[in-house]
Amino acid sequence: MALTNRTLIIFKYLWETTDESHPVSLADISAFLKQHEITADPRTLRKDIEQLSEFGVDIVKDRRVQNLYHVASRHFEAPEVKLLIDAVQSARFITPRKSKALVKRLSSFVAPGDTALLNRHLYIDSRSKATNESIYLNVDRIQTAITERKKISFCYFDYSPSKERVLRRGGQVYSVSPFAMLWNNDTYYLVGFHDHRQQISKFRVDRIVQMEITDEIAVKKPKTFDVSEFFTQEFSMLNGKECTVTLLCENILMNSIIDRFGEDVPVQTVDADHFCAQVTVDLSSNFYGWVFASAGKMRITAPQEAVEGFHRMLESFSERQPADETPSISIGQVKK
């Protein structure tokens, strides 16, 4: 057995079985090596441990009649791994099978004595977990394309009323120059220049199929493009006329107001059950929809144009008729 292999086996043994509460002696290490049909005297073992320390492994020697050794610092502390495991288990875009595999890998980063602490009791709504494992590959390809400044091509699908995936625009292949990845509401979004639309657009990564990195050079990102501004425009209450609005809210909504507008938002007590908040928003469907979602616990009281805008949106629900859908085809009808 080569010296390198013996040293690596010692490293594996120390990494997987030792910590401050579980040190091992040279005799323990020697006994483990014998299981692999390797023999080494104490002097050789000490040299192997010195080599591992020189390589960067934090091995502590507890000087006693019989010296004891253990791995001290690791990549992550147990509390950090707990947070990562919770994130993996709760992320909707990670499938149950992939979640289990990632948690197993994360568990290898903590000391052996802390492994039991990683058994999490976090409730996860498994119904919201993704089933499409190609998401991970798509995210990786997009990041690669951004780095290499290449265009990507893909098809994009929607769900039909029968829950069938149907390719948008009859299976047309999209050509996009990727600029950035966004994360919102537990979902990845691709942002890039859409060749057909000739504009910057966003796409949900979990709705992308048949993605390829092309040999075509990507369109250069405009100097005026700001990903933070784009995120705000696309996902916040924007895309309308900016206006300072007065909201009459039930007290139970104070958390929602602060979550949305911050702790510095101006508020005033109205009575024992209500308060008013003055917020600056864009008078858009996003804002009106957010007010509507309060189920009557929040009302717009000023200015009048905001009040009227909200009522117009409500009236549009009863007036709107189903629009003709763009002809589409089932993904199953397209060759991969």
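Placed above this text is the structure.
These figures come from a predicted structure and were not determined experimentally.

Looking now at the pattern of salt bridges. Scanning the entire structure with this criterion turns up seven salt bridges. The closest approach of N and O atoms between Glu216 and Lys151, which form a salt bridge, is 2.9 Å. Of this pair, Glu216 sits in strand 9 (residues 208-217) while Lys151 is found in strand 4 (residues 150-159), placing the two residues 65 residues apart along the sequence. Between Asp158 and Arg168 there is a salt bridge whose closest N-O contact spans 2.6 Å. With Asp158 in strand 4 and Arg168 in the loop between strand 5 (165-167) and strand 6 (174-184), this residue pair connects regions lying ten residues apart in the sequence. Taking the relative accessible area as the measure of exposure, Arg168 reaches 28% and is therefore partly exposed. Through salt bridges with shared partners, a single network forms among Lys151, Asp195 and Glu216.

Attention now moves to the layout of surface pockets. Where empty space is left becomes clear once a probe the size of a water molecule has been rolled over the atoms. When its volume is computed, the second largest pocket comes out at roughly 250 Å³. Around the second largest pocket sit Ile146, Arg149, Pro178, Phe179, Ile217, Ala218, Val219, Lys220 and Lys221, which together line it. By residue class, the composition of the lining of the second largest pocket is six nonpolar, no polar and three charged.

Turning to the packing of helix 4 (residues 78-90) against helix 5 (residues 96-107), a few remarks are in order. Where helix 4 meets helix 5, the closest approach of the two axes is 9 Å, and the angle between their N-to-C directions is 175 degrees. By the angle between their axes, helix 4 is roughly antiparallel relative to helix 5. Contacts between helix 4 and helix 5 involve Val81, Leu84, Ile85, Val88 and Gln89 from the former and Ser99, Leu102, Val103, Leu106 and Ser107 from the latter.

With that settled, the discussion passes to helix 6 (residues 134-148). Between its first and last C-alpha, helix 6 extends 21 Å over 15 residues, near the 21 Å set by a 1.5 Å rise per residue. Listed as buried for helix 6 are Ile135, Tyr136, Asn138, Val139, Ile142 and Ala145. On its buried side, helix 6 packs onto helix 5, strand 4, strand 6, strand 7 (187-194) and strand 9. Directly beyond the C-terminal end of helix 6, a positive phi value near 55 degrees is found at Arg149.

Take the sheet that holds strand 13 (residues 298-302) next. If you walk across this open sheet you meet the four strands as 11-12-10-13, and the pairing is antiparallel. The sheet is open, and its two edges are formed by strand 11 (267-269) and strand 13, each paired on a single side. Averaged over neighbouring strand pairs, the angle between their axes works out to 35 degrees when direction is ignored. Bridge count for strand 11 against strand 12 (residues 274-283) is three bridges, and the pairing is antiparallel. When the bridges of strand 12 are listed, Val267 appears paired with Ala277. In the packing of helix 8 (residues 254-261) onto the sheet, the strands contacted are strand 10 (241-250), strand 11, strand 12 and strand 13, and the crossing angle to strand 12 comes to about 30 degrees. In the packing of helix 9 (residues 285-292) onto the sheet, contacts are made with strand 10, strand 12 and strand 13, and the angle to strand 13 comes to roughly 130 degrees.

Scoring rules and cut-offs
- Residues numbered from 1 in each chain as written.
- Predicted model: local features only at pLDDT ≥ 70, side-chain atom pairs only at ≥ 80, totals over all residues.
- Heavy atoms only, no water.
- Salt bridge = Lys/Arg side-chain N within 4 Å of Asp/Glu carboxyl O.
- Helix = DSSP H or I, 4+ residues; strand = E, 2+ residues; numbered from the N terminus.
- Buried < 20%, exposed > 50% of the residue type's maximum accessible area, 1.4 Å probe, protein only.
- 1 Å grid on protein atoms, 1.4 Å probe; cavity = no way out; pocket = protein on both sides within 12 Å on 5 of 7 lines; lining within 4 Å.
- Points joined across faces, edges and corners; volume = space filled by probe spheres on them.
- Nonpolar A, V, L, I, M, F, W, Y, C, P; charged D, E, K, R; others polar.
- Axes fitted to C-alpha atoms, helices over the stretch in contact; angles between N-to-C directions.
- Parallel < 35°, antiparallel > 145°, perpendicular 65-115°, else oblique.
- Contact = heavy atoms within 4.5 Å.
- Expected span 1.5 Å × (residues − 1).
- Pairing = 2+ DSSP bridges.

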